[in-house]
Amino acid sequence: MRKESSKIKVGISIGDINGIGCEVILKTFEDPRMMELCTPVIFASTKTISQQKNDLGMELTFHGLDSASHALEGKINVVNVWKEVPTVNYGMATEEAGMYAIRSLKAAVNALKNNEIDLLVTAPINKKNIQAKDFNFPGHTDYLAKELDGDSLMFMVTESLKVGLLTDHVAVKDVATTITPKLIKTKVGIIEKSLIADFGIRKPKIALLGINPHSGDNGVIGKEDEEVLKPTIKEMSLAGKLIYGPYAADSFFGSDTYRQFDAILAAYHDQGLIPFKTLSFGQGVNYTAGLSKVRTSPDHGTAYEIAGKGVADAGSFKEAVFTGIKIFKNREEYEGLTSNPLKKQKVRPA
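Residues numbered from 1 in each chain as written. Predicted model: local features only at pLDDT ≥ 70, side-chain atom pairs only at ≥ 80, totals over all residues. Heavy atoms only, no water.

J.: Lay out the pattern of salt bridges in plain terms, naming residues and giving numbers.
T.: With the rule as written, the count across this model stands at 13 salt bridges. The salt bridge involving lysine 230 is made with glutamate 226; its shortest N-O contact spans 2.4 Å. In this pair, lysine 230 and glutamate 226 are both assigned in helix 7 (residues 224-238), four residues apart and thus about one turn of the helix distant. Judged by relative accessible area, lysine 230 falls into the partly exposed class, the value being 30%. Through salt bridges with shared partners, a single network forms among Asp31, Arg33 and Lys318. (Salt bridge = Lys/Arg side-chain N within 4 Å of Asp/Glu carboxyl O. Helix = DSSP H or I, 4+ residues; strand = E, 2+ residues; numbered from the N terminus. Buried < 20%, exposed > 50% of the residue type's maximum accessible area, 1.4 Å probe, protein only.)

J.: Residues and numbers for the nonpolar core, please.
T.: One finds Phe29, Ile42, Phe155, Ile179, Ile184 and Phe317 to be the most contacted residues of the largest nonpolar core, which totals 68 residues. Isoleucine 42 has contacts with Ile12, Ile14, Ile25, Ile49, Ile76, Asn77, Val78 and Val79, leaving out every residue within four places of it along the chain. Counting residues in hydrophobic clusters, the runner-up holds 23 residues, among them Leu105, Ile117, Leu120 and Phe135. (Core = buried A, V, L, I, M, F, W, Y, C linked by side-chain atoms within 4.5 Å. Contact = heavy atoms within 4.5 Å.)

J.: Any chance you could break down the environment of glutamate 73 for me, citing the residues and the numbers?
T.: Tracing the backbone through its elements, the reader meets glutamate 73 in the loop between strand 3 (63-65) and strand 4 (77-80). Take glutamate 73: its relative accessible area is 43%, and that puts it in the partly exposed class. Considering only alpha carbons, one finds glutamate 73 and lysine 223, 150 residues apart in sequence, at a separation of 57 Å. At 2.9 Å, the side chain of glutamate 73 and the backbone nitrogen of lysine 7 are in polar contact. (Polar contact = N/O pair within 3.5 Å; in protein donor to acceptor, adjacent residues only side chain to side chain.)

J.: Explain the sheet that holds strand 10 (residues 263-266) to me, using residue names and the numbers behind them.
T.: Strand order across the open sheet formed by twelve strands is 3-4-2-1-5-12-11-6-7-10-8-9, with mixed pairing between neighbours. Only two strands of the sheet have a single neighbouring strand rather than two, namely strand 3 and strand 9 (243-247). Between one strand axis and the next, the sheet turns by 25° as a mean value, whatever way the strands run. Across six bridges, the pairing between strand 6 (residues 150-157) and strand 11 (residues 285-291) is antiparallel. Bridging across to strand 11, methionine 154 finds its partner in threonine 288. (Pairing = 2+ DSSP bridges. Axes fitted to C-alpha atoms, helices over the stretch in contact; angles between N-to-C directions.)

J.: How would you explain the environment of lysine 173 if you had to name every residue and give the values?
T.: With respect to the helices, strands and loops of the structure, lysine 173 is situated in helix 5 (residues 172-178). At a separation of 3.3 Å, a polar atom in the side chain of lysine 173 contacts the side chain of aspartate 174.

J.: Pulling in residues and values, what's your account of the packing of aromatic side chains?
T.: Applying the stated criterion across every chain, the model contains nine aromatic pairs. These aromatic residues form a ring-pair network of at least three members: Tyr244, Tyr247, Phe252, Phe253, Tyr258 and Phe261. Here lysine 205 stacks its cationic end above the ring of phenylalanine 261, 5.5 Å away from the centre of that ring. (Phe/Tyr/Trp six-rings, centres within 6.5 Å; stacked < 30°, edge-to-face > 60°. Lys NZ or Arg CZ within 6 Å of the ring centre and 35° of its normal.)

Here's what the structure looks like:
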């Protein structure tokens, strides 16, 4: 249990060393004001961080250690997960870079599970070069769902826009058959609980986007919306959930309809992420809702095309740190309030 007087420990996995991960991490904590908010703990090695810092021409100091439990407040802490010096080839997707991304992530997750850090912020990885015999996951979300308690939901968030996904890393051809009443109920339950406990929204309103163009046009363009989405939405509504839809995705965001809801649940990856990133790129955060621990990440990838050039924008990574801290505090408050029913909940009205 974290002492109230201590700063929140933010664990950080470095992602692909050939991408912009280290750059956005270092740029974020180059600002000394960040130390007033949290204690950063980077899982890599002092040699790797020194190399990246020198390549980028940055001036900052850090504290090397062997365990996250020994992290010092007011310092940029680097846990030495490896001692050797990996080969850095900026802009290239190499097997070696993938291996170190996995090592950093696994060490950070173990520290998170052991309560040596309070939350995790992950820098971008390459989904292809991380594949290995002992790591066969399409991304962070799937790995974290296995390692941490709970059912996961990919939840893209800003202060004013929150988009969750019914299906995330699923091929488009498999989307319709993957979406079932059980899956919809599970994801709506996760997003509703997250909005209440993680974001302080007392009675969240959730919109569900249709699977087919124009939500199927009453069965003319596919029957999934009529046969799966509509009956399930009706059942959940009768049970008291504020869930609405299905809405035609092509006009939902352009017409500003999304502003009427606390969150939107998209049927598949691009249906949700294209409008989200269009409206909030560089300010958005990828949050894995539904788990026992808090994990966030920036809303961009490895950006190989600009890696090593010192021009990467750290805005989204910094927002990921801010959002992770806010969610962690909201959870602490929610758990404290709900564990004592005599206390009045301090959450904003719906």
